[in-house]
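Listed below, chain by chain, are the residues.
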Amino acid sequence: MGVNLSKGQKISLDKEAGTTLSKIIMGLGWDAVKSKGFLGFGGSAPTIDLDASCLMFDEQNNLVDVVWFRQLKSKDGSIMHSGDNRTGEGDGDDEQITVDLTRVPATVKSLVFTVNSFTGQNFSQVDNATCRILNGANNQEVARFNLTTLGSHSAQIMSKVYRHNGEWKMHAIGEIGSGRTFNDLMPQITPHL
């Protein structure tokens, strides 16, 4: 099990993994909060459609490319999205974004991972939301960040993976926001670049 990150915490991915990482997987998992039925029986859970996105920024903090449910692969081929999970059902990661760090263009300084509720539900209806980074070579968890923050927000800036002094680091951002897609979070993302 990887390190449990706190909001604002920064780590070296290579140091936490104990090796130089060439590929990482950002996994997003969540469940819908189950409502209680009559006398605690027959409860149900609504369908929650959370969407993970990866935004690529250059040294001048310009948006270079975005990988999300409408574009499952970066133009340079270094980042791939597993596809849209519209329910959050099942165990483990509900959506994954795989990043080949060796293929990310040298002009890209940072990768920002966001989560949005495309259908508009807020996080008071979401349970067990996590963002985790896996070593893509062996699927071992490097770091985990708990995203479950109940409230009326419908989006979150999860984390940033960025280059610093020749290595990749991770910053657990955890800033809440509102909006159906990453576009709605752009004003909040900019200060974190």
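Let me sum up the structure you'll find in this document. In this text the structure is predicted, and so the values were computed from the model without any measurement. (Residues numbered from 1 in each chain as written. Predicted model: local features only at pLDDT ≥ 70, side-chain atom pairs only at ≥ 80, totals over all residues. Heavy atoms only, no water.)

### A look at the pattern of salt bridges
Cut-off, in case you're wondering: Note on definitions: salt bridges are taken to be side-chain nitrogens of Lys or Arg within 4 Å of carboxyl oxygens of Asp or Glu. For helices the rule is a DSSP run of H or I covering at least 4 residues; for strands it is a run of E covering at least 2, with both sets numbered from the N terminus onward. Note on classification: 1.4 Å probe, protein chains only; a residue is buried when its accessible area is under 20% of the maximum for its type, exposed when over 50%, partly exposed between these limits.
One pass over the full model with this rule turns up four salt bridges. Aspartate 65 serves as the salt-bridge partner of lysine 75, at 3.5 Å between the closest nitrogen and oxygen. One end of the pair, lysine 75, is in the loop between β5 (63-67) and β6 (79-81); the other, aspartate 65, is in strand β5, with 10 residues separating them in the sequence. For aspartate 65, a relative accessible area of 6% translates into the label buried. Here glutamate 141 and arginine 144 are joined by a salt bridge, their closest N and O atoms 2.9 Å apart.

### Regarding the pairing of strand β10 (residues 141-146)
Let me state the cut-off plainly: Any two strands with at least two DSSP bridges between them are considered paired.
As paired elements, strand β1 (residues 3-5) and β10 share three bridges and run parallel to each other. Note on β10: the bridge partner recorded for asparagine 4 is arginine 144. Between strand β9 (residues 126-135) and the antiparallel strand that follows it, β10, lie five residues; asparagine 139 among them carries a positive phi value of about 60°.

### Overview of the sheet that holds β1
Note the following rule: What counts as an axis is a line fitted to C-alpha atoms, over the stretch in contact for a helix, and the angles between N-to-C directions run from 0 to 180 degrees.
As summarised here, the arrangement of the six strands in space is β1-β10-β9-β3-β7-β6, forming an open sheet in which the pairing is mixed. Among the strands making up the open sheet, the edge pair consists of β1 and β6. This sheet shows a mean twist of 15° between the axes of neighbouring strands, independent of strand direction. Note: strand β3 (residues 23-32) against strand β7 (residues 95-100), six bridges, orientation antiparallel. What sits directly across from methionine 26, in β7, is isoleucine 97.

Functional significance is not addressed by these values, which are geometric in nature.
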